[in-house]
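These are the residues of each chain, in order.
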Amino acid sequence: KKNNYNKQRFNSIFVLKKEGVSSVNEKQDLKILLGFHKNDFVIIDLSKEDYLIGLMPYLDENIKMMAFKTKMLENQVKEYHLENKVYFLEDNEDYFKISNLGIVTDSSDEEYLKKAMSLQIPLLALNCKNKQQFIKNDVTGYVINSQNEMINMIHFLKNNKKYNYNLGMNSYYYLENSITQV
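Here we look at the pattern of salt bridges
Alright, step 1. Inspection of every chain in the model, using the stated rule, returns 3 salt bridges.
Alright, step 2. For the salt bridge of Asp60 with Lys158, the shortest nitrogen-to-oxygen distance reads 3.0 Å. In this pair, Asp60 is assigned in the loop between β3 (41-45) and β4 (63-67) and Lys158 in helix α5 (residues 147-159), connecting sequence segments 98 residues apart.
Alright, step 3. A relative accessible area of 30% means that Asp60 is categorised as partly exposed.
Alright, step 4. Given the relative accessible area of 10%, Lys158 is considered buried.

The structure is reproduced here in structure tokens:
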């Protein structure tokens, strides 16, 4: 399978631009269509755990989270009044397409990680031991070791859109050229 890429060097990271990638405007339009604000920074929680709920009050107002619906998570969203910050995933690829960042733990399903990477979503992994084949620090995302580090990195990536975009492109390239060939 041959891919068309233009390689360039950017802050010591290889950035690969793939033909046919949706534009920023198309992504913003899709966010609006799905009920988000065009400037929302959308995190997709790929962990199927409730870890991120505790972080949401510490994140900027325009940082939203999408998560897999569980009864416990649904109750926590109501209890902490996070209805305007936490949304539940539907089985629709468009919800992945609007994501700016994926959160990973050891319980994350590898198929969801690969799906996120294929859609150029950078990954933050929390204390992951068995998902390190996906996460390459400063290339496809970061391995995070604490809540404070997670909060700081989410804000950093939100405020550095070009860098976040480049991590996402690297994530796609890494999936295509490293993981899928193993």
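Here's the deal with the sheet that holds strand β5 (residues 86-88)
Alright, step 1. If you trace the 6 strands from one edge of the open sheet to the other, you get β5-β4-β3-β6-β7-β8, paired in parallel fashion. Looking at the sheet topology across the chains shown, the edges are occupied by β5 and β8 (141-144). For this sheet, the mean inter-axis angle between neighbouring strands, taken without regard to orientation, is 25°.
Alright, step 2. Bridge count for β3 against β4 is 4 bridges, and the pairing is parallel. Across the sheet, the residue bridging to Ile44 is Met66, located in β4.

Notes on the environment of Tyr173
Alright, step 1. Tracing the sequence through the fold places Tyr173 in helix α6 (residues 161-179).
Alright, step 2. Tyr173 sits in the partly exposed class, given a relative accessible area of 26%.
Alright, step 3. Through-space distance from the C-alpha of Tyr173 to that of Gln120 is 8.4 Å; in sequence the pair is 53 residues apart.

Quick notes on the rules
- Residues numbered from 1 in each chain as written.
- Predicted model: local features only at pLDDT ≥ 70, side-chain atom pairs only at ≥ 80, totals over all residues.
- Heavy atoms only, no water.
- Salt bridge = Lys/Arg side-chain N within 4 Å of Asp/Glu carboxyl O.
- Helix = DSSP H or I, 4+ residues; strand = E, 2+ residues; numbered from the N terminus.
- Buried < 20%, exposed > 50% of the residue type's maximum accessible area, 1.4 Å probe, protein only.
- Pairing = 2+ DSSP bridges.
- Axes fitted to C-alpha atoms, helices over the stretch in contact; angles between N-to-C directions.

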